[in-house]
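Residue-level structural notes
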Amino acid sequence: MTGELTVAEVGVDVVLPLRSAVLRDGGPAGLPGDDDPATVHLAARAPGGRVVGVVRLAPAPCPWQPAAAPWQLRGMATDPEVRGAGAGRALLAAGLAAVAARGGDLVWCNARVPAAGFYERHGFCVVTAPFDVDPIGPHVGMLISVPDRWVRAPGPVTTA
Ligand SMILES: CC(C)(COP(=O)(O)OP(=O)(O)OC[C@H]1O[C@@H](n2cnc3c(N)ncnc32)[C@H](O)[C@@H]1OP(=O)(O)O)[C@@H](O)C(=O)NCCC(=O)NCCS
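A few points on the structure. (Residues numbered from 1 in each chain as written. Predicted model: local features only at pLDDT ≥ 70, side-chain atom pairs only at ≥ 80, totals over all residues. Heavy atoms only, no water.)

Notes on the site of the ligand
Neighbouring the ligand are 21 residues, the closest being Met 76, Thr 78, Arg 89, Pro 114 and Arg 121. Here an oxygen atom of the ligand and a side-chain polar atom of Arg 83 are 3.4 Å apart. Relative to its unbound accessible surface of 910 Å², the ligand loses 73% to contact with the protein. Mapping the ligand onto the cavity grids shows that it belongs to the largest pocket. Where the shell around the ligand is concerned, the elements lending two or more residues are α1 (12-23), β4 (70-78), α2 (87-101), β5 (106-112) and α3 (116-121). Per-element accounting of the shell around the ligand gives the leading share, 4 residues, to α3. Partitioned by chemical class, the residues of the shell around the ligand number 11 nonpolar, 6 polar and 4 charged. (Near = heavy atom within 4 Å. Polar contact = N/O pair within 3.5 Å; in protein donor to acceptor, adjacent residues only side chain to side chain. Areas by Shrake-Rupley, 256 points an atom, 1.4 Å probe, with all protein chains shown as cover. 1 Å grid on protein atoms, 1.4 Å probe; cavity = no way out; pocket = protein on both sides within 12 Å on 5 of 7 lines; lining within 4 Å. Sits in = over half its atoms within 2 Å of the grid points. Helix = DSSP H or I, 4+ residues; strand = E, 2+ residues; numbered from the N terminus. Nonpolar A, V, L, I, M, F, W, Y, C, P; charged D, E, K, R; others polar.)

Pasting the structure below:
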């Protein structure tokens, strides 16, 4: 992929097709709370507008660490054709910025074990032993304190 990648807040209808294709093998991909007004859905688009990455963030108590305003990250997925081009990173940055802008102080997730290195690379810590989520497979609990530097929304990402 070449050109500018943009990330924006979108409605849930925009994120569902890629979430379904990547995370649910084409099956139903709705999550509880998707339609809650507090839930934030983000989409990364390639030049031309094709959706190449999605994520959602929603207020939710953290199972492992007390926090004043914890948020859960779910449904992170990028199109296999653009992996490694920065879509995941841009979505994570925009997601943390969106949480910070809403007063959130912590983001946590149940990370698929093969994706844990992606979150670690961007500052998340593993805080649980691996646990199985049937039928998906092994996960670990991960979290990050939302630092002040995320309050500034990132600009567009340009890929070479
Ligand atoms: C995990 C996922 C979202 C990463 O998306 P991506 O578009 O490849 O991410 P980026 O291109 O922004 O990668 C950013 C950096 O993280 C690294 N990275 C990406 N996936 C990684 C992984 N699984 N483990 C370790 N590092 C990873 C990249 O190499 C890149 O490194 P760099 O900073 O040296 O360039 C994507 O691989 C995916 O959708 N996987 C399948 C679905 C999934 O598991 N989702 C997470 C559910 S918890």
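Back to the write-up after that little detour.
Overview of the pairing of strand β2 (residues 40-45)
Remark: a regular strand shows side chains that alternate across the two faces of the sheet. Along β2, 5 of the 6 residues are buried, which leaves the element largely enclosed by surrounding structure. The pairing of strand β1 (residues 3-10) with β2 spans 5 bridges and is antiparallel. Pairing of Val 7 across the sheet is with Ala 44, part of β2. Pairing geometry for β2 and strand β3 (residues 51-59), over 6 bridges, is antiparallel. When the sheet's bridge partners are listed, His 41 is paired in β3 with Arg 56. Counted between consecutive antiparallel strands, the loop separating β2 from β3 contains 5 residues, among which Gly 48 sits at a positive phi close to 100°. (Buried < 20%, exposed > 50% of the residue type's maximum accessible area, 1.4 Å probe, protein only. Pairing = 2+ DSSP bridges.)

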